[in-house]
Amino acid sequence: MDEPRNTRRFDIPLHRLDVPLPHLLPFAIGTFDTIGALSRANFPHRHTFYEIVYVTGGHGAHVLDSAQRPLEPPQLCVIAPGQVHHWESAVDLTGHVVLFNEDFLLSRAQDVAALRALSAGPGHAPGNQSGPIEALLGDMESEYRALQSGYQQLLRASLHILILRALRTCSHADGRATRNRATEAAADFTRLVALPGGTRRSVESYAQELGISPGHLQALVRQATGLTPGVLIRRQRTLEAKRLLMGTELTVRQVAALVGVEDPAYFCRFFRRETGMSPGEFRADAGGNHHDPRVQSIAACPDST
C-alpha cells in the first residue's frame with residue numbers, strides 16, 4: 001500500500017540483516033539483483049550492519065551522510081552501522097554487495113577500525129586493488145553459494161582480506177590498523193557511540209560497559225585518536241542531528257531530545273557552533289526531506305510494501 005501523501009515522516013528507515021536459509025550467517029554476498037531492490041535504495045536509510053559495495057557499472061552518485069560522490073566505476077563504497085546513505089539518480093547499477101554483522105569479523109578490533117576509516121567517505125577508487133578485489137569477491141560469492149565444508153571459516157578469512165585490500169584504497173589510511181589496547185578501546189567506544197541513542201550516554205557509562213575506569217578510557221581514546229571521548233560524542237551528536245534534520249520531519253525540539261540535549265535553545269547554539277548554521281538553515285540548505293519509511297528490512301519483498 002502506498003504511503004498517503006500527507007503522512008508526516010518521523011524516522012529514518014532502519015534496515016536489518018535478515019539472511020534466509022540455508023546460511024543462517026550474519027553475512028550475505030551477491031549482486032544488486034540477487035540481494036534485492038533495497039540494495040539500490042534511492043531514499044535515505046540506515047543499517048544495523050556493515051555493507052561493502054563494489055560498483056562495476058552504472059551512473060549516478062552515492063550519498064553517505066552529508067557527502068556525495070559521483071559514481072565512476074569501479075568504485076568501492078563502505079557503509080557502517082548507523083550511517084545514512086542512498087543512491088542518487090543511479091541507473092544500471094552492477095557490482096558486488098557484501099552485508100555482515102560485526103560478529104562475523106575475523107579480527108574484530110582491527111577490522112572495525114579499518115571499516116570506520118573506509119566509511120568516512122562515500123567512495124574510493126580501487127586503483128591497483130581493482131583486480132584482486134574483484135577476484136576475491138567472485139571467489140567469496142562462489143563459496144557462499146556452494147556451502148562446502150569449512151565455508152564459514154573461509155568466508156570470514158576472505159572478508160578480513162577484503163577489508164585489508166579495501167583499506168589500501170583509502171587515501172587517509174595507511175593500511176597499518178595495528179591492534180593494541182588503545183586502538184581496541186577507541187574502536188569499541190566509537191562503535192558504541194554510533195549506535196542509536198549513543199549520544200545520550202555519558203563517558204562514565206561507556207567506561208563501565210567496557211570494563212575500565214573513565215580516566216583510563218579518556219587516556220586510551222586520546223592515545224588512539226588524538227581526541228577525547230567527549231569530543232567524539234559531540235561530533236557524533238552533530239552528525240546524528242544532521243541526519244535527523246535531513247531525513248525526517250522532526251521538529252528541532254524533537255531532534256534535540258533524540259541526540260541528548262534537553263534544552264532546544266542550547267541545542268541551537270551547539271549546532272550553530274559546530275556547523276556555522278542554525279538547525280533551520282541547515283535543513284533548508286539540505287533541500288528538504290525525502291525517504292520511504294515503508295521498508296523495514298533489507299530482505300523485505302518489494303511487492304509487499
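Remember, predicted model here, so these are calculated numbers, not experimental data.

What counts and what doesn't
Residues numbered from 1 in each chain as written. Predicted model: local features only at pLDDT ≥ 70, side-chain atom pairs only at ≥ 80, totals over all residues. Heavy atoms only, no water. Phe/Tyr/Trp six-rings, centres within 6.5 Å; stacked < 30°, edge-to-face > 60°. Helix = DSSP H or I, 4+ residues; strand = E, 2+ residues; numbered from the N terminus. Buried < 20%, exposed > 50% of the residue type's maximum accessible area, 1.4 Å probe, protein only. Contact = heavy atoms within 4.5 Å. Pairing = 2+ DSSP bridges. Core = buried A, V, L, I, M, F, W, Y, C linked by side-chain atoms within 4.5 Å. Salt bridge = Lys/Arg side-chain N within 4 Å of Asp/Glu carboxyl O.

Trainee: Which residues make up the packing of aromatic side chains, and what values go with them?
Mentor: The geometry of two aromatic rings is summed up by the distance between their centres and the angle between their planes. Overall, the coordinates contain seven aromatic pairs when judged by the stated rule. Residues Phe27 and Tyr144 carry aromatic rings whose centres are separated by 5.8 Å and whose planes lie at 65° to one another, so their mutual orientation is edge-to-face. Of the two residues, Phe27 sits in strand E2 (residues 27-31) while Tyr144 sits in helix H3 (residues 130-146), which places them 117 residues apart along the sequence. Tyr144 gets classed as buried once you look at its relative accessible area, which sits at 5%. A ring pair is formed by Phe271 and Phe282, whose centres lie 5.6 Å apart and whose planes are at 75°; its orientation type is edge-to-face. Residue Phe271 is found in helix H10 (residues 264-275), and its partner Phe282 is found in helix H11 (residues 279-285); the two are separated by 11 residues along the sequence. This pair shows no difference in class: Phe271 is buried, exactly as Phe282 is. A connected cluster of aromatic rings, assembled from ring pairs, spans Phe27, Phe104 and Tyr144.

Trainee: Kindly report on the environment of Arg40, identifying the contributing residues and their values.
Mentor: As for its placement among the helices and strands, Arg40 is situated in the loop between helix H1 (32-35) and strand E3 (45-47). Judged by relative accessible area, Arg40 falls into the partly exposed class, the value being 31%. In sequence terms Arg40 and Val91 are 51 residues apart; their C-alpha atoms lie 9.2 Å from each other. Filtering out sequence-adjacent residues up to four positions away, Arg40 remains in contact with Phe32, Asp33, Trp87 and Leu93.

Trainee: Break down the side chain of Ser130 for me, with residues and values.
Mentor: Residue placement: Ser130 occurs in helix H3. Residue classification places Ser130 among the buried positions, given a relative accessible area of 19%. Residues within four places of Ser130 in sequence aside, it is in contact with Tyr54 and Pro74.

Trainee: Give a detailed account of the pairing of strand E4 (residues 50-64), specifying residues and quantitative values.
Mentor: With 12 of its 15 residues buried, E4 lies for the most part within the structure. Two strands pair when backbone bridges link them, and E4 and strand E7 (residues 84-100) are joined in this way by 12 bridges, in the antiparallel orientation. Looking at the pairing, Ala61 lines up with Glu88 of E7. Sheet topology note: the E4/strand E5 (residues 67-70) ladder contains four bridges and is antiparallel.

Trainee: Lay out unusual backbone geometry in plain terms, naming residues and giving numbers.
Mentor: Following Pro73, the chain continues to Pro74 via a peptide bond in cis, the omega torsion being -5°. Summarising the element assignment, Pro74 is placed in the loop between E5 and strand E6 (75-79). Positive phi, normally seen in glycine, also occurs at Ser89, with a value near 50°. One can find Ser89 in strand E7. Ser89 sits in the exposed class, given a relative accessible area of 59%. With phi around 60°, Leu147 is a residue other than glycine that occupies positive phi space. Within the secondary structure, Leu147 is located in the loop between H3 and helix H4 (151-167).

Trainee: Would you mind going over the nonpolar core in detail, with residue names and values included?
Mentor: Within the largest apolar cluster, 48 residues are counted, with the highest numbers of intra-cluster contacts made by Phe27, Ile52, Val98, Phe100, Leu159 and Leu162. Among the secondary structure elements, those contributing two or more residues to this core are E2, H1, E4, E6, E7, helix H2 (108-118), H3 and H4. Setting aside residues no more than four positions away along its own chain, Phe27 makes contact with Leu17, Val19, Val98, Leu99, Phe100, Phe104, Met140, Tyr144, Leu155 and Leu159.

Trainee: Tell me about the pattern of salt bridges, and please be specific about residues and values.
Mentor: Summed over all chains, the structure comprises 12 salt bridges. Note that Glu240 is salt-bridged to Arg46, the shortest N-O span being 3.0 Å. On the criterion of sequence distance, the pair formed by Glu240 in helix H8 (residues 229-247) and Arg46 in strand E3 is long-range, its members being 194 residues apart. Judged by relative accessible area, Glu240 falls into the buried class, the value being 14%. Of the charged contacts in the structure, one is a salt bridge between Glu281 and Arg272, with a shortest N-O distance of 3.5 Å. Owing to a relative accessible area of 41%, Glu281 belongs among the partly exposed residues under this scheme. Look at Arg272 and you get partly exposed, because its relative accessible area is 40%. Ionic contacts of the salt-bridge type, sharing partners, join the residues Arg46, Asp65, Glu240 and Arg243 into one network.

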